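As a plain string of letters, each chain reads:
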Amino acid sequence: SLTMLSGLLPTVFNGLVFGSILYLIAIGLTLQFSVLNLVNFSHALFFVASGLLVTSLIGSVGELFIIGSSIIPFVILSIVTLSILVSLRYLLERYFLSNYLYDIGFDYQMLSTFGILLMGIAGTSSIWGSSGSGLQGSLSPSKVMGQITITGVTFSNFSIFTIIVTALVIVSLYVLFDRTSLG
């Protein structure tokens, strides 16, 4: 029974992690469409860019990290990355999407934002390489944040962090939409 549990636990945990990531992407697309009435495929670009940027920043200041001992430096770098990408997203929204895409049909919105996504993929590929070769030697968030072992099964603290952040997003959105006048 312990052997079965040690085989089932990682599967359930990995399902929660991937489900959390998919939820975050889906809720971003849903809110974008429902609030702004805009089909925006370039939303995925900001997920990719944030992961690459955080990993690059961790790699460039990796000597400041004590591997596996603290989540604080990762959170600080995540906030810095989030600030950069929110600024870029604001510029895209303010000077392109709101001026050109809100008043046209959904098919043109999808094509235009898919074009933005393709340009972003080309940009990230030119910086980091198409296979992530530009990240060689970088520390991954999982390595920086360490691991925890439960019943002989090792879990990444980064994966636990992802699940916790997703749970906080779910609760925050519930409160926002169900308990405030915005909902």
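Residues numbered from 1 in each chain as written. Predicted model: local features only at pLDDT ≥ 70, side-chain atom pairs only at ≥ 80, totals over all residues. Heavy atoms only, no water.

All chains considered together, the criterion is met by one aromatic pair. One Lys or Arg, Arg-94, reaches over the ring of Tyr-95 and ends 5.5 Å from the middle of that ring. (Phe/Tyr/Trp six-rings, centres within 6.5 Å; stacked < 30°, edge-to-face > 60°. Lys NZ or Arg CZ within 6 Å of the ring centre and 35° of its normal.)

Next up on the list: the pattern of salt bridges. For the structure on display, the rule yields two salt bridges. Here Arg-89 and Glu-93 are joined by a salt bridge, their closest N and O atoms 3.3 Å apart. Here Arg-89 pairs with Glu-93, and both are found in helix α3 (residues 72-101), just four residues apart, close to one helical turn. Taking relative accessible area as the criterion, Glu-93 reaches 16% and is therefore assigned buried. A salt bridge links Arg-179 to Asp-178; the shortest N-O distance between them is 3.7 Å. On the basis of relative accessibility, which here comes to 43%, the residue Asp-178 falls in the partly exposed class. (Salt bridge = Lys/Arg side-chain N within 4 Å of Asp/Glu carboxyl O. Helix = DSSP H or I, 4+ residues; strand = E, 2+ residues; numbered from the N terminus. Buried < 20%, exposed > 50% of the residue type's maximum accessible area, 1.4 Å probe, protein only.)

What follows covers the pairing of strand β2 (residues 153-156). Pairing of strand β1 (residues 147-150) with β2, which is carried by four bridges, proceeds in the antiparallel orientation. Across the sheet, residue Ile-148 finds its bridge partner in β2, namely Phe-155. (Pairing = 2+ DSSP bridges.)

Here we come to the nonpolar core. Counting eight residues, the largest nonpolar core consists of Leu-38, Phe-46, Ala-49, Leu-85, Leu-92, Leu-97, Leu-101 and Ile-116. Counting residues per element, the ones that place at least two in this core are α2 (43-60) and α3. Here this core gets four residues from one element, more than from any other, and that element is α3. The residues touching Leu-97, leaving out its near neighbours within four places in the chain, are Leu-38, Asn-40, Arg-89, Leu-92, Tyr-102, Thr-113 and Ile-116. One finds Val-54, Ile-58, Leu-77 and Met-145 within the second-largest nonpolar core, a separate group that totals five residues. (Core = buried A, V, L, I, M, F, W, Y, C linked by side-chain atoms within 4.5 Å. Contact = heavy atoms within 4.5 Å.)

Together, Ile-72, Ile-76, Val-80, Ile-84, Leu-88, Tyr-90, Leu-91 and Tyr-95 line one region of the surface with nonpolar side chains, adding up to about 790 Å² of accessible area. The residue Tyr-90 is located in helix α3 in this model. (Patch = residues over 30% accessible without salt bridge, like charges linked within 9 Å, V, L, I, M, F, W, Y side chains within 5 Å. Areas by Shrake-Rupley, 256 points an atom, 1.4 Å probe, with all protein chains shown as cover.)

If you trace the backbone, Ser-20 turns up in helix α1 (residues 2-36). Judged by relative accessible area, which is 7%, Ser-20 ranks as buried. Setting aside residues no more than four positions away along its own chain, Ser-20 makes contact with Thr-162, Ile-163 and Thr-166.

Attention now moves to the environment of Thr-162. Looking at where Thr-162 falls in the secondary structure, it is placed in helix α6 (residues 157-179). Looking at Thr-162, the relative accessible area reads 11%, which means it is buried. In the structure, Thr-162 is positioned 146 residues away from Leu-16 in sequence and 9.3 Å away in space, judged by C-alpha atoms. Setting aside residues no more than four positions away along its own chain, Thr-162 makes contact with Ser-20 and Ile-21.

A few words on the side chain of Thr-124. You can see Thr-124 is positioned in helix α4 (residues 106-128). Of note is the side chain of Thr-124, whose polar atom sits 3.0 Å from the backbone oxygen of Ile-121. Setting aside chain neighbours within four positions, we find Thr-124 in contact with Leu-45, Leu-52 and Gly-129. (Polar contact = N/O pair within 3.5 Å; in protein donor to acceptor, adjacent residues only side chain to side chain.)

Where α3 contacts α4, the axes come no closer than 11 Å and their chain directions differ by 155 degrees. Considering their axes alone, α3 and α4 lie roughly antiparallel with respect to each other. Considering the relative orientation of α3 and α4, their crossing is right-handed. Every residue of α4 that contacts α3 at Leu-92, Phe-96, Leu-97 and Leu-101 is listed here: Gln-109, Ser-112, Thr-113 and Ile-116. (Axes fitted to C-alpha atoms, helices over the stretch in contact; angles between N-to-C directions. Parallel < 35°, antiparallel > 145°, perpendicular 65-115°, else oblique. Left-handed = near helix turned anticlockwise from the far one by under 90°.)

As far as function goes, none of this settles anything; it's purely spatial.
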